[in-house]
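Geometric and topological summary
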Amino acid sequence: MLFNSVEFLCFFPIVTLGYFLLPHRHRWWWLLAASCVFYMFFKAVYILILFFTIIIDYVAGIQIAQAHGKRRKWYLVMSLVANVGVLAVFKYYNFLNDNISGLYSLFGGHNPIPYLTILLPIGLSFHTFQAMSYTIEVYRGHQPAERHFGIYSLYVMFYPQLAAGPIERPQHLLPQLHAEQTFSYQNLRSGLVLMAWGLFKKVVIADRVAVVVNQVYDHYPQYVGFPILFATACFTLQVYCDFSGYSDIAIGAAEVMGFRLMKNFDRPYFSESMRELWQRWHISLSLWFRDYVYVPLGGNRRGPARQYGNLLMTFTLSGLWHGAAWNVVAWGAIHGLLLVGGAITRPVRQRLAEAVGLMQWPRLHTVLNVACTMALFGWALAVFRCATLSQARHILGYMFADLGTQITSFTNIKEMIGTLGLPKSQLALAMLGVGALFGVEWLQGRVAMRSWLWARSGWVRWSVYYTFVLSILLGAYASADPDFFYFRF
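What comes next is a walk through the structure. (Residues numbered from 1 in each chain as written. Predicted model: local features only at pLDDT ≥ 70, side-chain atom pairs only at ≥ 80, totals over all residues. Heavy atoms only, no water.)

**Structural notes on the environment of Leu 48**
Inspection of the secondary structure puts Leu 48 in helix H3 (residues 47-66). When the C-alpha positions of Leu 48 and Gly 191 are compared, they lie 31 Å apart, and in sequence the two are 143 residues distant. (Helix = DSSP H or I, 4+ residues; strand = E, 2+ residues; numbered from the N terminus.)

If you want it as structure tokens, here you go:
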């Protein structure tokens, strides 16, 4: 079920109302049943995969808590193998088989291993990582084993964050699922405003600029220079507004019922370095890889060379998590290299800024840092958006071709934009949305926007409410793909 669908418009109030009408002891099964319905809207039979991993991890958690010595590790390994195995079959089997076929072809042979004609279960990487965090935390002694099978099932399947996160930790979510949540008008108001903001980002901005992105990237041999550059800039907006919009809706829907999910994005496009950007972008995943991959590899405890190697390994694995394709793995490795390069060159860049006098103009220095960070991030995202490495080579190779002659006049730019599939009126509406987005996020760096809004007079608050609701209702673009981009992961 999509958050931006008529079905969810009916589903959400029914589930929320039922949750508060039921006694506390019955609420878990109501939310669990609702989460099953939510998931089964995508492909009903795939819920059996969830049941399989839930049973394995529930039993493993109890056995880890009861066992001693090496047996504890064996139960953890059993859980991790089951979860990674499901990922390997559904997400990586055909990718690995493609590479095996490539090796066979080098020697004139034929790969006898059959391909699987299966779809990737929705949100598989997200709820698999959340399940893995539970058994790891039980093994580390940071979380007691959950004895209530229904509550543990709800921890994995909690519908707001089931399909695309945030990836929660058991210490944060499980106690909330046990606690009795009471209805609060403040939670209702705050959650609905956050949901509306997320929908605004999705339907007004992401769905519109996606038209430009799809036109250029799906027909990339036809374009050089400015259209590729413009579509890549649009993709940086699409992927952010789509994914952070989903996170806002998920966090807001949970907040209406009294649950607090972790923040997943914190104004990443105001970051002054790649390191800072990854501390603000998809925070729950970044923390997962930090705690369960980077730190166990040694983190920064064994000298710079080992630290840089750990960073590169962690981000390459993060790329593999995002997709079963070499261009996505390359995207992860590129970010690892960018972080390593940023760490190595930081003293040089600092001395250079001092030498040219930039330190005397801190705001200009900040703007330049943000611009450079966004340019690097957008350049790497071009690799992420491509379907293959060969397409990525074309996109990057022709991104700046003929740019000097193409942008000699505003008329040329208007004509090129007119070939990108999105009517000018729709593009103008999207750009107005982008202006509103960055205006609000700039203010968020100075004040808590929702608290600021509550302190305004009634006519100001309701004017804001009506503006966003109308923009969402009138702003849905019929030619856009309504799916959330990160559902494919």
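**Some thoughts on the layout of surface pockets**
The volume enclosed by the second largest pocket comes to roughly 1200 Å³. Looking at the second largest pocket, it is lined by 42 residues, and the ones nearest its centre are Ser 273, Met 274, Arg 275, Leu 339 and Arg 346. Those elements that provide at least two residues to the lining of the second largest pocket are helix H10 (274-280), helix H11 (283-297), helix H12 (304-322), helix H13 (326-355) and helix H14 (362-385). Broken down by element, the lining of the second largest pocket gets its largest block of residues, 10 residues, from H13. (1 Å grid on protein atoms, 1.4 Å probe; cavity = no way out; pocket = protein on both sides within 12 Å on 5 of 7 lines; lining within 4 Å. Points joined across faces, edges and corners; volume = space filled by probe spheres on them.)

**Here we look at the packing of helix H5 (residues 124-140) against helix H6 (residues 149-157)**
Each pair of packed helices can be described by the angle between their axes along with the distance between the axes. Interaxial distance between H5 and H6 falls to 9 Å at its minimum, and their mutual angle equals 135°. Relative to H6, H5 is oriented oblique. For the pair H5 and H6, contact is made by His 127, Gln 130, Ala 131, Ser 133 and Tyr 134 and by Tyr 152, Tyr 155 and Val 156, respectively. (Axes fitted to C-alpha atoms, helices over the stretch in contact; angles between N-to-C directions. Parallel < 35°, antiparallel > 145°, perpendicular 65-115°, else oblique. Contact = heavy atoms within 4.5 Å.)

**A short note on helix H1 (residues 6-21)**
With 16 residues, H1 extends 23 Å between its outermost C-alpha atoms, agreeing within 8% with the 22 Å of an ideal straight helix rising 1.5 Å per residue. What H1 keeps buried is the set Phe 8, Phe 11, Phe 12, Val 15, Thr 16, Gly 18, Tyr 19 and Phe 20. Check the buried side of H1 and you find it contacts helix H2 (24-40), helix H8 (185-218) and helix H9 (226-256). (Expected span 1.5 Å × (residues − 1). Buried < 20%, exposed > 50% of the residue type's maximum accessible area, 1.4 Å probe, protein only.)

**Considering the pattern of salt bridges**
Applying the stated criterion across every chain, the model contains nine salt bridges. For Asp 242, the salt bridge identified is with Lys 202, shortest N-O distance 2.8 Å. You can see Asp 242 sitting in helix H9 and its partner Lys 202 sitting in helix H8, a full 40 residues away along the chain. Take Asp 242 and Lys 202: they sit in the same class, and that class is buried. (Salt bridge = Lys/Arg side-chain N within 4 Å of Asp/Glu carboxyl O.)

**Section: the packing of aromatic side chains**
Any aromatic ring pair is given by two values, namely how distant the centres are and how the planes are angled relative to each other. One pass over the full model with this rule turns up 49 aromatic pairs. Sitting over the face of the ring of Tyr 46, Lys 43 holds its NZ or CZ atom 5.8 Å from the ring centroid. The lysine or arginine in question, Arg 267, covers the ring of Phe 270, its NZ or CZ lying 5.3 Å from the ring centre. (Phe/Tyr/Trp six-rings, centres within 6.5 Å; stacked < 30°, edge-to-face > 60°. Lys NZ or Arg CZ within 6 Å of the ring centre and 35° of its normal.)

**What about the packing of H1 against H2?**
It is the contact of H1 with H2, at a shortest axis distance of 9 Å, that shows an interaxial angle of 170°. Taken together, H1 and H2 sit at an angle that is classed as roughly antiparallel. Counting all contacts with H1, which are made through Phe 8, Phe 11, Ile 14, Val 15, Gly 18, Tyr 19 and Phe 20, the residues of H2 involved are Arg 27, Trp 30, Leu 31, Ala 34, Val 37 and Phe 38. Taken together, the residues of the contact of H1 with H2 break down into 11 nonpolar, one polar and one charged. (Nonpolar A, V, L, I, M, F, W, Y, C, P; charged D, E, K, R; others polar.)

**With respect to the side chain of Asn 327**
Following the sequence through the fold, Asn 327 ends up in helix H13. Excluding residues within four positions of it along the chain, Asn 327 makes contact with Val 383, Phe 384, Cys 386, Ala 387, Thr 388 and Leu 389.

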